[in-house]
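Working through the structure, step by step
As a plain string of letters, each chain reads:
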Amino acid sequence: MKKVSLLIPAYNEEASLPALYAELSRLMDSQSNYAWEILFINDGSRDNTLQTIKDLRAKDERVCFVDLSRNFGKEKAMLAGFDYATGDCVVVMDADLQHPPSVIPEMLAKWEEGYDDVYARRINRGKESWLRKRLSLAFYALLQRSAKFDMLPNVGDFRLLDRRCINVLRNLRENERYTKGLFAWMGFRKTSVDFEPAERVAGTSSWSMRSLIGLAVEGLVSFSTLPLRLITSLGLIVSLLSFLYAIYIFAKTLIWGDPVAGYPTLMLVMLFLGGVQLLSLGIIGEYLGRIFIETKNRPTYLARVYNDKLIENQIYEKK
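Structural notes, computed from the coordinates. (Residues numbered from 1 in each chain as written. Predicted model: local features only at pLDDT ≥ 70, side-chain atom pairs only at ≥ 80, totals over all residues. Heavy atoms only, no water.)

Overview of the pairing of strand β6 (residues 155–162)
Condition: We call a residue buried when its accessible area falls under 20% of the maximum for its residue type, exposed when it is over 50%, and partly exposed in between, using a 1.4 Å probe and counting protein chains only. Helix numbering and strand numbering both begin at the N terminus, where a helix is a DSSP run of H or I of at least 4 residues and a strand a DSSP run of E of at least 2. Whether two strands pair depends on DSSP finding at least two bridges between them.
Judged by how many residues are buried, β6 sits mostly within the fold: eight of eight residues are covered. Across four bridges, the pairing between strand β4 (residues 89–92) and β6 is antiparallel. Residue valine 91 lies in a different strand from β6, and its bridge partner there is leucine 160. Two elements, strand β5 (residues 117–122) and β6, share four bridges in a ladder whose sense is antiparallel. Residue tyrosine 119 lies in a different strand from β6, and its bridge partner there is arginine 159.

Focus: the packing of aromatic side chains
Filter applied, for reference: We call Phe, Tyr and Trp rings a pair once their centres come within 6.5 Å, taking the six-membered ring for Trp, and we label the pair stacked below 30 degrees between planes, edge-to-face above 60, and tilted otherwise.
Considering all chains together, one arrives at five aromatic pairs under this definition. Taking 6.5 Å as the distance between ring centres and 70 degrees as the angle between the ring planes, the aromatic pair formed by phenylalanine 82 and phenylalanine 183 counts as edge-to-face. On the criterion of sequence distance, the pair formed by phenylalanine 82 in helix α3 (residues 74–84) and phenylalanine 183 in helix α7 (residues 179–185) is long-range, its members being 101 residues apart. Under the relative-accessibility criterion, phenylalanine 82 is labelled buried at 0%.

Focus: the packing of α3 against helix α6 (residues 163–170)
Rules: Angles here are taken between N-to-C directions and fall from 0 to 180 degrees, while the axes themselves are lines fitted to C-alpha atoms, restricted in helices to the stretch in contact. Here is the rule for angles: anything less than 35 degrees is roughly parallel, anything more than 145 is roughly antiparallel, 65 through 115 is roughly perpendicular, and the remaining ranges are oblique. Crossing handedness follows the turn of the near helix against the far one: under a right angle anticlockwise gives a left-handed crossing, and clockwise gives a right-handed one. We call two residues contacting when some pair of their heavy atoms lies within 4.5 Å. Think of it as three bins: nonpolar holds Ala, Val, Leu, Ile, Met, Phe, Trp, Tyr, Cys and Pro, charged holds Asp, Glu, Lys and Arg, and polar takes everything else, Gly as well.
Two numbers describe how α3 lies on α6: the axes approach to 9 Å, and their chain directions differ by 125 degrees. As judged from the angle between their axes, α3 and α6 are oblique. For the pair α3 and α6, the sense of crossing is left-handed. From α3, Leu79, Phe82 and Asp83 reach across to α6, where they touch Ile166, Leu169 and Arg170. Residue composition of the contact of α3 with α6, by class: four nonpolar, no polar and two charged.

Structural notes on unusual backbone geometry
Not every positive phi belongs to a glycine, and asparagine 12 is a case in point at roughly 55 degrees. Along the chain, asparagine 12 falls in the loop between β1 (3–10) and α1 (17–30). By relative accessible area, which is 31% here, asparagine 12 ends up partly exposed.

Printed below as a string of C-alpha cells:
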C-alpha cells in the first residue's frame, strides 16, 4: 500500500489545527486505499501549537511532528518536512485551511497517472489587497523573464511531490531558500489542478508585507543574475551619457566661450552618480551576503524533538 505524507508547517496555528485535523481525518478515512501520515513542523510557535499537535497525536498515531529549536521560517520548515516525511509522495499544505484538503484526491489521481509534481494553481488570489495582487503579479512576471525555467505564476507551495522529487529537495541544503524556485528548477513531470483558496479558519497570517518583499528579493537573487546585469547596463548608459555631456560642454566652451556649468550642474551629477554607486553596491552586497552565509555551512535548521524523542544527531540523513 502506498503511503501519503501530509506536510504542514505550523507557526502559531493553535486555533486552526483542530479544524484542519477534522478535515484531514475525513479525507484519510475516505481514501483507505492509502496509508497516511500527517507531519506537522512546529516552527518555533509561541502559543500552544506544539501541545495541540501532541494532543492530536495522542488520539491518532497517524499524526507525527517535528519541533524545531526556534523559528527558522516556513522555507526551512518545509525542508525539515522533506527530511522526516516517510511517504511515497508528500503533499505540502498550509495549516490555516486556505489550501482545501478536498483538492488532494485530484492530486493523487494525477500522481497515479505518472506525474511527479502536481501543483495547485489558484483560480484567484482571494481577498488580497489590490496593491499586494499587483506587486505579486509584477514580481512573478519579472522572475519569469529573468529565470531560465518556468516559474509558474499564481502557484504557491500547495502541491504533491513524488518521492524522487523529495529526495532531490533533501539534497539541496542552501540556507537562503526560495522553495518555489527549487520546485521549478528541479523539473520532472509536472501538471496542475485548479483550486479556489479559502479564507483562514482562525488567526492571522504571519506573512507581513516586509516578509513578502524579503521573500521576493530572495527569489530574484537566488535564481537570477538580472539585477547585476541591470546595474552593468545602467553603468554603461551613465558612462556614455557622461561622455556625451562632456563633449557638449567642451564644444560649447570652445565655440561660444560660455563658462562651464557651475554649482547646480556639478551637484546634480555628483548626487546622481553617488546614488547609482550606492545602488550598485547594495545589489552586489545582496549577492555577497548570501555567499557569506553559505560559506559558513551551518545546518539549515535545528530540530529539537521528533515524535516525543529528543534528537541527538542533527545530520539530516539520520533520523
